[in-house]
Amino acid sequence: MSGLPSIRIGRVFGIPVEINVSWFLIFLLVAVTLTTGYFPQQLEGRSMLTYAVMGLVTTLAFFASILLHEFAHSFVARAGGIRISKVTLFIFGGVAQMEEEPHRPGLEFVMASAGPGTSLLLAAVLYLAGEALFALHAPPSLVVVIDYLVVINLSVGVFNLLPGFPLDGGRMLRAILWRMSGDLLKATRWASRMGQFIGMGLIAVAVLGVLLFQTFDLIWFAVMGWFISGLATTAYQQQVVRSRLADVPVARIMSSPPMLVPAELTLEEMAHSYFLGGRHTRYPVITDGTVTGLVDIKAAQGVPREKWPYTAVSEVARTDLSELLVTLETTVDLILPRLDPSQVGVVLVVDDGRLAGIVTRADVIRLIRETDGDAT
Ligand SMILES: [Zn+2]
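Residues numbered from 1 in each chain as written. Predicted model: local features only at pLDDT ≥ 70, side-chain atom pairs only at ≥ 80, totals over all residues. Heavy atoms only, no water.

Q: Explain the coordination of the zinc ion here, please?
A: Under perfect tetrahedral coordination by four donors, a metal shows angles of 109.5 degrees; under perfect octahedral coordination by six donors, it shows angles of 90 or 180 degrees. Those donors, His69 (NE2), His73 (NE2), Asp168 (OD) and Asp168 (OD), are the protein atoms that reach the zinc ion, and they lie 1.9 to 2.7 Å from it. All donors of the zinc ion belong to a single chain; written as a sequence motif, their spacing is H-x3-H-x94-D. Pair noted here: His73 is in helix α2 (residues 48–79) and Asp168 is in helix α5 (residues 168–181), with a separation of 95 residues, a long-range link. One exposure class covers both His73 and Asp168, and it is buried. (Donors = N, O, S within 2.8 Å, 3.2 Å for Na, K, Ca; no water. Helix = DSSP H or I, 4+ residues; strand = E, 2+ residues; numbered from the N terminus. Buried < 20%, exposed > 50% of the residue type's maximum accessible area, 1.4 Å probe, protein only.)

Take a look at the structure:
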């Protein structure tokens, strides 16, 4: 996301939550704008400290609302059998990262609508709470904060419902087109075009604001528009690649397995016969002919050098292979998330319990190059 690093702040309901560095900028901007501009206008005659506390509380609640929106997407996805790798907050809001795309238009529709639905529901609940507090003569500072959160959640809900892919509304549109046409790629093309169109529209609104009303208040629209337009283009290109890869079984692109490492070998022996001079940094580990693990050069480096002669490969190998094993018929699109550099970066293809081959990023890149060649 925008190339900046993210900081993991913990897990919520088992899902890792990350904050991108770009988010701190927007946090600061919102907090300062509220403290120095919005709240003093809404509520006169309070101390600077009161405004600052209000600003901070509101900004935190604002981002908690965005997290709730993302968690709504995540929960529906998880209920539909899709794994969520993490939720990230960044400068333009939040994103729930799925390990794969939904396989059914129905699930995509419900998953996409859960976010804006939650934001709108939150706005409604907060609105009623604000009215009740006002009637009960609660401190005005509290009512003003809640009123602001109503507007924010309403805006987040409505904005995300704009029917341009990859906004939530665009995903809902894509799901409908997908259901109607039965063609995911075509549906993505139309929904992405709407995304580009909406992006341009937002830029146009900002430009008109400057030209007609001499105001820069809408300049944020231009930034968002430019961002959405770019996302729409990228998302479509990714879908093109993914659709092509959905036709190719891993058996067609796998490389023959590198040397297998017996589980009982010591790290010392392995270093000599495999890592030194070997082309690979990872090797499958076998016990009695079946694959039981995967050993990485990094794992061996984690063990002090003098212990290498006494440490068996099986002690440092990754033995949970549930996510790494695939069959010959598995299509390439399904293994993409697992080849991400942040993941293990390799899948093991097994046939009848025997290792038939391995697939790495390089194999997929080669395939993408080939299919590009076919197209031109
Ligand atoms: Zn959303």
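Q: What exactly am I supposed to notice about a nonpolar patch on the surface here?
A: On the surface, Val205, Phe216, Ile219, Trp220, Phe221 and Val223 cluster together into a nonpolar patch covering about 520 Å² of accessible area. Broken down by element, the residue count for the nonpolar patch peaks at 4 residues, all from helix α7 (residues 219–245). Overall, Val223 belongs to the partly exposed group, its relative accessible area being 32%. (Patch = residues over 30% accessible without salt bridge, like charges linked within 9 Å, V, L, I, M, F, W, Y side chains within 5 Å. Areas by Shrake-Rupley, 256 points an atom, 1.4 Å probe, with all protein chains shown as cover. Salt bridge = Lys/Arg side-chain N within 4 Å of Asp/Glu carboxyl O.)

Q: Help me out: how do you make sense of the packing of α2 against helix α4 (residues 140–160) in this one?
A: Packed helix pairs are characterised by how far apart their axes lie and by the angle those axes make with each other. Between α2 and α4, whose axes approach to 10 Å, the crossing angle comes to 30 degrees. The pairing of α2 with α4 is recorded here as roughly parallel in orientation. Taken as a pair, α2 and α4 cross one another with a handedness that is right-handed. Facing α2, whose interface residues are Met54, Thr58, Ala61, Phe62, Ser65 and His69, α4 presents Ser141, Val144, Val145, Tyr148, Leu149, Ile152, Asn153, Val156 and Asn160. Residue classes in the contact of α2 with α4 are distributed as 9 nonpolar, 6 polar and no charged. (Axes fitted to C-alpha atoms, helices over the stretch in contact; angles between N-to-C directions. Parallel < 35°, antiparallel > 145°, perpendicular 65-115°, else oblique. Left-handed = near helix turned anticlockwise from the far one by under 90°. Contact = heavy atoms within 4.5 Å. Nonpolar A, V, L, I, M, F, W, Y, C, P; charged D, E, K, R; others polar.)

Q: Just to check I follow, could you spell out the sheet that holds strand β5 (residues 261–262) for this structure?
A: Whenever strands of a sheet pair, they do so through backbone hydrogen bonds, lying parallel or antiparallel. Reading across the sheet, the 3 strands line up as β5-β6-β7 and stay open at both edges, with mixed pairing between neighbours. Of all strands in the sheet, those with a lone pairing partner are β5 and β7 (290–296), marking the two edges. Pairing between strand β6 (residues 282–287) and β7: 6 bridges, direction antiparallel. Bridge assignment links Arg282 to a residue of β7, and that residue is Asp296. (Pairing = 2+ DSSP bridges.)

Q: What am I meant to see in the domain arrangement of the protein chain here?
A: Where interface size is quoted, it is often the accessible area lost as the parts come together. Along its sequence, the protein chain is organised into domain 1 (6–245) and domain 2 (250–375). Computed from C-alpha atoms alone, the centre-to-centre distance between domain 1 and domain 2 is 39 Å. Across the boundary between the two partners, domain 1 contributes 8 residues, which contact 13 residues of domain 2. In this assembly, domain 1 and domain 2 are joined by 0 salt bridges. At the surface where domain 1 touches domain 2, the tally comes to 2 residue pairs in polar contact (both at pLDDT 80 or more). Residues that form the side of domain 1 that touches domain 2 fall into these classes: 2 nonpolar, 1 polar and 5 charged. (Domains from an automatic or database assignment. Polar contact = N/O pair within 3.5 Å; in protein donor to acceptor, adjacent residues only side chain to side chain.)

Q: Even after reading the chapter, I still don't get the side chain of Arg171, so can you show me in this structure?
A: With respect to the helices and strands, Arg171 occurs in helix α5. With relative accessibility at 19%, the residue Arg171 sits in the buried group. Of note is the side chain of Arg171, whose polar atom sits 2.8 Å from the side chain of Glu108. If we ignore the near neighbours within four places in the chain, the residues touching Arg171 are Glu101, Glu108, Ala112, Phe165 and Pro166.

Q: I'm lost on the nonpolar core in this one. Help?
A: Generally speaking, soluble globular proteins have nonpolar side chains that are buried together. By size, the foremost hydrophobic cluster in this structure holds 35 residues, and its most contacted members are Trp23, Phe39, Met54, Phe62, Phe63 and Leu89. Breaking this core down by element, the ones donating at least two residues are β2 (15–20), α1 (21–42), α2, β3 (84–90), α3 (105–135) and α4. Setting aside anything within four residues of it in sequence, one finds Met54 in contact with Phe39, Leu43, Ser141, Val144 and Val145. Membership of the second largest hydrophobic core comes to 16 residues, among which are Leu265, Leu267, Val303 and Ala317. (Core = buried A, V, L, I, M, F, W, Y, C linked by side-chain atoms within 4.5 Å.)

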